[in-house]
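# Structure assessment
If you want the building blocks of each chain, they are given just below.
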Amino acid sequence: MQLSDPVTSIKGIGEKTALAFGKLNIRTVQDLIRTYPRRYLGYETPVSIADAPEMERVTIQGTVCTYVKVQKGPRYVITTLSVEDGSGSVEMVWFNSPYLRSTFHKGDTYCFTGVMRRKGKRRVMEHPEFYAPYKYQDMRSVLQPIYPLTAGVTNNQLRKAVHEVQPLIRTMPDPLSPELREEYGLIPLGQAVESIHFPKDEPTLREAVRRLAFDEFYQFLCDVQKMREENVRLSSTHILKEEAVSKLQGFLAGLPYGLTKGQQDALNDVIRDMSGGMVMNRLIQGDVGCGKTIVAAASLFVTVLSGYQGALMVPTEVLAMQHFKDLEKLFSPYRLKVALLTGSMTVRQKRQVYEGLKTGEIQIVVGTHALIQEKVEYQSLGLVVTDEQHRFGVRQRERLAEKGELPHVLVMSATPIPRTLAIILYADLDISLITELPGGRKKILNCVVGTDYRPTAYQFIKKEVAAGHQAYVICPKVEDSEGVELENVVSYADTLHEVYGPSVRVAYLHGRMKEAEKQKILQDFVDRTIDVLVSTTVIEVGINNPNATVMMIENAERFGLAQLHQLRGRVGRGEAQSYCIMINVNQSEESKERLSVLEESNDGFHIAAEDLRLRGPGDFFGVRQSGDIMFRLADIYQHADVLHMAQDAVLKKK
């Protein structure tokens, strides 16, 4: 077997399973090997039912005290039983697992591992793992890898497939020389990849993560250096015309608000770059809500008046639609032709846009990654504005270059990255900072509270909904066993249905839904047919709803501060007062100190710096924290020291 062989060459993987693996971009043996676990589960000492904290993963040992009941519900077949241990009782619930009827018998003792929740007066553990007590003792020494999943792929399938190719992992060629590995204290690649899938203990896992994070940073920084060197030499054929720049003042004067100093400075940087004869590669970095989009709109305006086309690329179809409507309205007095291009459009609709872009009839196009697909041809693409989620690598840059004569690139980022790290990560880009918020925006009011505040928070949300506003409730990506992320969000939505009844319209959203379903729910939320949206962090980017005034985050201690700040930035986008309620389940002093930073500050850059200071060594057993999408495994916060190390290695390579 070779690394380049298809996954069907692995024992136990047929064509049907291979198709499901393909949804995770696993098509070859190497793809499988390079699909790393996203977190690991350890197995702790069982606690009594009475002492088990809610909304945390725990293990209890108890005796089955009822018969197994199997019922057909509206969405699932639900299997339930009750367990007691002398201190209390808890109801166990499984979804679509009717076969468990013959597994459990009254009087049997098991160890159950899962997340404890309260539903009304009942304590419930949904979809728990279960082990005989002697078997659980063996599990205590195991670190169980949890892989990213999709419909049709289970964690066990991935683990078995990786186990089949374990001998091949050890023979992987190492791109780093023995001298470089020795200089930076890095283990060989094969050893690192094997340990990431089959960790013997936490120290072994840390060494594996350190090596693989180094590789990701090192390759990324080599690519960045290459792009920087290429950009220095690139002349631009898309130079702004003076008459176009002169008309910009009239456009800005027609806005219902004036630009802040930061916005004006950023726009001046863009105008200077695009007038200077060289290809622009600029990053506008600013906090959530600082007004980067109007700078992008002004840049597109002056590009079109100079005789070129502009493109705005965003991460989701809902956001593309929102931007399309906003730009269409903004540019209608000037008769600029704006079009939308997304993957869900019909073939006929796409063909019309393709034709308009090719002939130059369409001057500005807004869309998702569909903008750089092979079929898209531009007459004269002068500027591409892209969200950081679509930050171009070398390959995408080449694809863009093939579509025209090297358009200018403007990247917008709301990720609050500490300055020391931003200089490294964005070394190929010139940076403009917007540090202040537009006038009229009210400061988001924050509170960090314990679990006993939930009923009060629910009533507060109900009051905001009654006033015509909307709310988000964020649940962490708990993946303790197959399908729990889904049940976590769904069950929380069910709880809110019970609390509110029909007076509040509640919907849920999670990453395993089909793309069309996700887009519909997001659009319904924007259209105000949903009052409360219960979601995982899938809403961290890609939605703008000025009517949402409450962000409630469950298990806030499970997230990094920068990610919490990003989530909080989904509210506070309109004129009404907005609120962020962070539920802290872990009442440790460390947790309280971290979350107090969010409670006391709305400054993303200050929060990012504090996040970096407070993180310390990476937590390899928690939810991936930064939300950064540039890397598969590396985390710019948890592995900041490795990032600096990789930069040092790249500089020495010159």
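Because the structure is predicted, anything quoted here is derived from the model rather than measured. (Residues numbered from 1 in each chain as written. Predicted model: local features only at pLDDT ≥ 70, side-chain atom pairs only at ≥ 80, totals over all residues. Heavy atoms only, no water.)

## Things to note about the overall build of the protein
Each helix and strand in the protein was counted, giving 22 helices and 22 strands. Taking all 654 residues of the protein together, 55% fall into the buried category. Of all intrachain contacts in the protein linking residues separated by at least 6 positions in sequence, the fraction that spans at least 24 positions is 73%. Only carbon and sulfur atoms are counted for the fraction: they give 51% of the accessible area of the protein, which is about 28600 Å². Of the charged side chains in the protein, 79 are positive and 80 negative; the average position of the first set lies 5 Å away from that of the second. (Helix = DSSP H or I, 4+ residues; strand = E, 2+ residues; numbered from the N terminus. Buried < 20%, exposed > 50% of the residue type's maximum accessible area, 1.4 Å probe, protein only. Contact = heavy atoms within 4.5 Å. Areas by Shrake-Rupley, 256 points an atom, 1.4 Å probe, with all protein chains shown as cover. Lys, Arg positive; Asp, Glu negative; His and termini not counted. Charge placed at Lys NZ, Arg CZ, Asp CG, Glu CD.)

## A short note on the side chain of Thr-549
The topology assignment puts Thr-549 in strand 21 (residues 548-553). Thr-549 gets classed as buried once you look at its relative accessible area, which sits at 0%. Setting aside chain neighbours within four positions, we find Thr-549 in contact with Glu-464, His-469, Gln-470, Val-571, Ala-576, Gln-577, Ser-578 and Tyr-579.

## Remarks on the side chain of Ser-578
With respect to the helices, strands and loops of the structure, Ser-578 is situated in the loop between helix 19 (561-568) and strand 22 (579-583). Of the polar contacts made by the side chain of Ser-578, one reaches the backbone nitrogen of Gly-572; its length is 3.0 Å. In contact with Ser-578, other than residues within four places in its own chain, are Lys-443, Ile-444, Leu-445, Ala-548, Thr-549, Val-571 and Gly-572. (Polar contact = N/O pair within 3.5 Å; in protein donor to acceptor, adjacent residues only side chain to side chain.)

## Side note on the sheet that holds strand 13 (residues 364-367)
Strand order in the open sheet formed by seven strands is 12-13-11-14-15-10-16, with parallel pairing between adjacent strands. Each end of this open sheet is capped by a strand with a single partner; those strands are strand 12 (338-341) and strand 16 (430-434). Adjacent strand axes in the sheet meet at a mean angle of 20° when their direction is disregarded. Sheet strands in contact with helix 12 (residues 317-331) are strand 11 (309-313), strand 12 and strand 13, and its direction is about 175° off that of strand 12. (Pairing = 2+ DSSP bridges. Axes fitted to C-alpha atoms, helices over the stretch in contact; angles between N-to-C directions.)

Scope: geometric values only; no functional claims are made or implied.
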